[in-house]
Structures are given as structure tokens and as C-alpha cells.
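For reference, the chains in residue letters:
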Amino acid sequence: MAQWTSAVGAAQLARLLTSQQDRPAGPGTRRPPAYRALADGIRLLVLEGRVPVAARLPAERELALACSVSRTTVAAAYEALRAEGFLESRRGAGSWTAVPAGNPLPARGLEPLPPEALGSMIDLGCAALPAPEPWLTRAVRGALEELPPYAHTHGDYPAGLPALRSMIADRYTARGIPTMPEQIMVTTGAMGAIDAICHLFGGRGERIAVESPSYANILQLMREAGARLVPVAMAEGLAGWDMDRWRQVLREAAPRIAYVVADFHNPTGALADEDQRRRLVEAARSAGTVLVADETMTELWLDDDVEMPRPVCGFDPAGSTVITVGSASKAFWAGMRIGWVRAAPDVIRSLVAARAYADLGTPVLEQLAVNWLFSTGGWEQAVDLRRDQARENRQALVAALRRELPDWEFAVPKGGLTLWVRAGGLSGSRLAEAGERVGVRVPSGPRFGVDGAFEGYVRLPFTVGGAVADEAAARLAAAAKIVRSGGTAGTESPRTFVA
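For every chain, the first residue of its written sequence is number 1, and the numbers climb from 1 along that sequence. Residues qualify for local features only when their pLDDT is at least 70, as the model is predicted, and side-chain atom pairs are given and counted only at 80 or more; totals for whole chains, interfaces and linings, by contrast, use all residues. Hydrogens and waters are ignored; side-chain quantities use all the structure's heavy atoms.

Enquirer: Explanation requested: the sheet that holds strand β7 (residues 207-212) in the structure shown.
Expert: The pairing of strands in a sheet comes from backbone hydrogen bonds and takes either a parallel or an antiparallel form. With mixed pairing, seven strands are arranged side by side in an open sheet as β6-β12-β11-β10-β9-β7-β8. Edge positions in the sheet fall to β6 (184-187) and β8 (228-233), since each of these pairs with one other strand and no more. The sheet shows a mean angle of 20° between the axes of neighbouring strands, direction not considered. Pairing of β7 with β8 involves six bridges; the strand directions are parallel. Counted as the bridge partner of Ile 208 is Leu 229 from β8. Two residues qualify as a contact provided that any one of their heavy atoms is within 4.5 Å of a heavy atom in the partner residue. Here, axes are lines fitted to C-alpha atoms. For helices the fit covers the stretch in contact, and angles between N-to-C directions go from 0 to 180 degrees. Only runs of H or I of at least four residues qualify as helices and only runs of E of at least two qualify as strands under DSSP, and these elements are numbered from the N terminus. Those strands touched by helix α10 (residues 243-253) are β7, β8 and β9 (257-260), and its axis lies near 155° from that of β8. Note on pairing: two strands pair once DSSP finds at least 2 bridges between them.

Structure follows, in C-alpha cells:
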């Protein structure tokens, strides 16, 4: 019986391997033998989860043709991977990927760092900040005071607590978007909202247009739902959306869904202007595409001169094209798993009906906590605290990067929680691997792309500041040195670091 559960084709594997290649090496840089470079490339793809564990690899002859190398090179690479525990083979069954005993299985998204690693590893993988106290504690206490009447019910509210739905609707109305409670469904975070939308509108095999780059966890959610992702390149720097490309993709590919982050885009930090929003809604309406606008970052403007455009749904007065997703996780705390959907009432009814076969509803206590924050003014004060913290962290991280890694390129966004960094011609995948060795965890660019794009990038969040930001940049510089040397530079075990 074969031990593999999926397969990767020769052409697909060759594309992924090609995307890893660094820019031309500088003087004195040592290049590994061809078989070693091929083995390292496959190992990196496995470690990052871009090639799944237990995936059958192409036959040696097929991969040799796809990569334009000799069969001997592929055979030697496979043998090296078997010796290191990253490949298993059996006559008649082929070869499939594995991880050595004792290694954690790679995650295909951006999972939080395990608590036991926090003492020695600086985590730049997760774009989330600690809770803005004392507001979390106050909100939970307020929720407990409101809980008794709900405790006498069954506790299942598939559309969300009526009080919270009404409060969210009122907040949209205050932003100039008239909204009824019947247009709101409370979800378990923004991920729960988008998962529900994808299952309702984007069945297996349906096309979904996505920004390129886009948020890694959402891309993986869509892949696992069986969607066919259609990437639409972002404009350079912080220019946001390239509307000519969007119109072309929506017209020619006719995707069922398009997913966008117009407010401080993750990972680039770009803020779409009103003209881009209007034109995208018009293009989506013409193509019959459902436009999903993710607003999880919308309240995280960090500069005083930012003028926030109207929400994307403000350009869809009939409510037939745009579905809006919001969340408390970025603006308040990731541990507060409360999100919501704003859509036409018939869409909300369909989402609620489908929920009976998913998670039934969102925890009541957390809904009450968010409702307490909204109704008392605590939300605004907590978000102000969050902005101050993110602003200070941004300043510290930018200064440290410019000092330690002056050849890395990035544009400083006016909001959000992330920097999108071109890593001086180095491979983001190799930087991520080297970073683990020196004690800094950083997600590589390809996690935010489709089919190996953005190998020359890494994403760095505003989650550390002060001395920790300085140390993080120093460790990234050490990782860059390892990559430039071909992975042969000596490294020390990461020391314990306490902020």
C-alpha cells in the first residue's frame, strides 16, 4: 500500500523550485553542487508546507526534464533527502515527502509560536499584539454581569446575539452606510466569516480572484476549500490596486468571488483610495462576481494625516455585490474570536442556515464582551491604545532594519500591522530557515503568493518594539549572512531574550 496521500507534478515542482532561486550571487559567494541545490530546494518547500508531507514526488526522469538537469542530479538529490529523513521510497510505490523524527509537521499558514519557544525565539510570524489592558479585563467583567439572562437560554445564536448585531449595524450606519441588524451575522473571527462565505459561494473548483500578495491564512483556507485561486498583482509599493489588471481578470476569468483587503492591506499595508474602490465594485458588478471586502485592519490608521475612504460597501448601495467582513482580532485582541459579516439580508439568511452544519454559533461571553466595549466607549479607548503601541513598534522596527539591513527595501505604510520587505536579493524561504537557527521567526514571501511568487520578500509585523526590535533586526542580519554564505556560516544557539 502506498504511503503517499497526494502528488505534486513535475512542472509544478519545477515552478516552485525556480521561484526559490536568489538573484545573481555576489563575488565570493559559494554555490552548492546542482544535486545539493535541488535537495535543499525540495527540503525548503517541505519545511514551509508548500509541498505537503506525504506528497508523491515525480519520477527522476520527469523531474530531470522539467528542471533541465540530468537524471543523475535528481537521483543524487533524492538520495540526499532520504538520508536526511525528508524522503521515503519504496520500489513500485515511488518516493514521497516526509519529515525526520522529532521535527514538527510544517504548517501551511501562519500559526502562533508555541509558548515553550518564547524564551529563545523572537516571533515575527504572527501579526498580533497582546491585549490592550485594562480593557480586556473590564470587558470580560462587564460581560459576566450581562450573562445571567442568557444563561437561562440554550445559548445557540447562529446569527449572533441580537444586541451585538444591532450594535454593529449602528456602527456601520454611523459611518454613512445605513445598515439593519438583519444584515449582520456574528462569526467566530474573520476566518470563520470568510470560510462561511467561501462555502456558500465558492464550491470546489470555483475561481476566486485574490490580491497578489494576500493574507497567507486566507489563501490556504481557500485552497483547502478546493478553490482555484486567480492572482491579481498589486501595484508597486503602497499604490494599492492595479485597476487595469483587476478589470481584465474579472472580465476574462469571471471568478465567483474576489477577496480584497482595501484598508491597510496585509501584507503590503497599502490603503485603496475611493476611486479604486468605486471602480472595483463596478467591475465586480459587471462580471457577476461577489466582492468580499476584509475590514479587519480598517481602524488601525497610525498617522495623523490619514483620511480614511468610504468603506467598499459604500459604493454598492443596492447591496448586491459587496460582502463585508469585520473583526475584533487585529484592532483589539486576537484572542477575542469575534468577527462579523455585513451583507444583504437574503445572503445573511443563507449563511445562518448553512451554519447549522458548521459551528452553530459564536461564544456568548465573547459576544457580550465586545458588545460591552462598543456600548461603553471602551472600544475607542482600547483601539487608541493599540494604535499607540503599533506606531511605536513601527518606528522601532523601521529604524532597526535601516541600521542593520540597509539594502532591504520597503515602503512604510500609514497603518496596519505589517511591513512588506524586499530582502536585498535573498531568498525569503532561506531567510526563514536561517532565522529559525539564529532565533527569529519570520514568514517568507511565498506564503503570501500563489504558486511560488514573492520568493524575494519577507513580511515583518509591528509586534515588537524597543530593545526586542533591535535584537530582531540583528538576528535577521545574522540570518541574511548565513544565506549569503550559502548556509555555511557558523551560528550560535539563540540566547534567551527577555523584553
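Enquirer: Please clarify how unusual backbone geometry should be interpreted in this entry.
Expert: Excluding glycine, residues mostly have negative phi values, and the peptide bonds linking residues are mostly trans. Along the chain, Glu 133 connects to Pro 134 via a cis peptide bond; the corresponding omega equals 10°. The residue Pro 134 is located in the loop between β5 (122-123) and α5 (135-146) in this model. Cis geometry is adopted by the peptide bond preceding Pro 267, which originates at Asn 266 and carries an omega value of 25°. Positioned with a positive phi, Ser 68 is a non-glycine residue whose angle comes to about 55°. Summarising the element assignment, Ser 68 is placed in the loop between α3 (60-67) and α4 (71-84). Classification of residues uses two cut-offs on accessible area relative to the type maximum, computed with a 1.4 Å probe and protein chains only: under 20% is buried, over 50% is exposed, and between them is partly exposed. Overall, the relative accessible area of 68% leaves Ser 68 in the exposed class. The phi angle at Phe 264 is positive, at roughly 55°, despite the residue not being glycine.

Enquirer: What is the right way to read the nonpolar core from this model?
Expert: For soluble globular proteins, nonpolar side chains are generally found buried alongside one another. Counting 53 residues, the largest nonpolar core has Trp 241, Trp 246, Leu 291 and Phe 332 as its most contacted members. The element that contributes the greatest number of residues to this core is helix α13 (residues 364-376), accounting for six residues. Leu 291 has contacts with Ala 258, Val 260, Leu 280, Val 281, Ala 284, Val 312, Thr 321, Val 322 and Ile 323, leaving out every residue within four places of it along the chain. The definition of a nonpolar core used throughout is a set of buried Ala, Val, Leu, Ile, Met, Phe, Trp, Tyr and Cys residues joined through side-chain atoms within 4.5 Å. Residues Val 398, Leu 401, Val 458 and Ala 480 belong to the second largest nonpolar core, which totals 42 residues.

Enquirer: Before we go on, may I ask you to explain the side chain of Asn 266 in this structure?
Expert: Inspection of the secondary structure puts Asn 266 in the loop between β9 and α11 (274-287). Dropping the residues within four chain positions of it, Asn 266 is found in contact with Ser 214, Tyr 215, Val 261, Met 297, Thr 418, Phe 448 and Arg 459.

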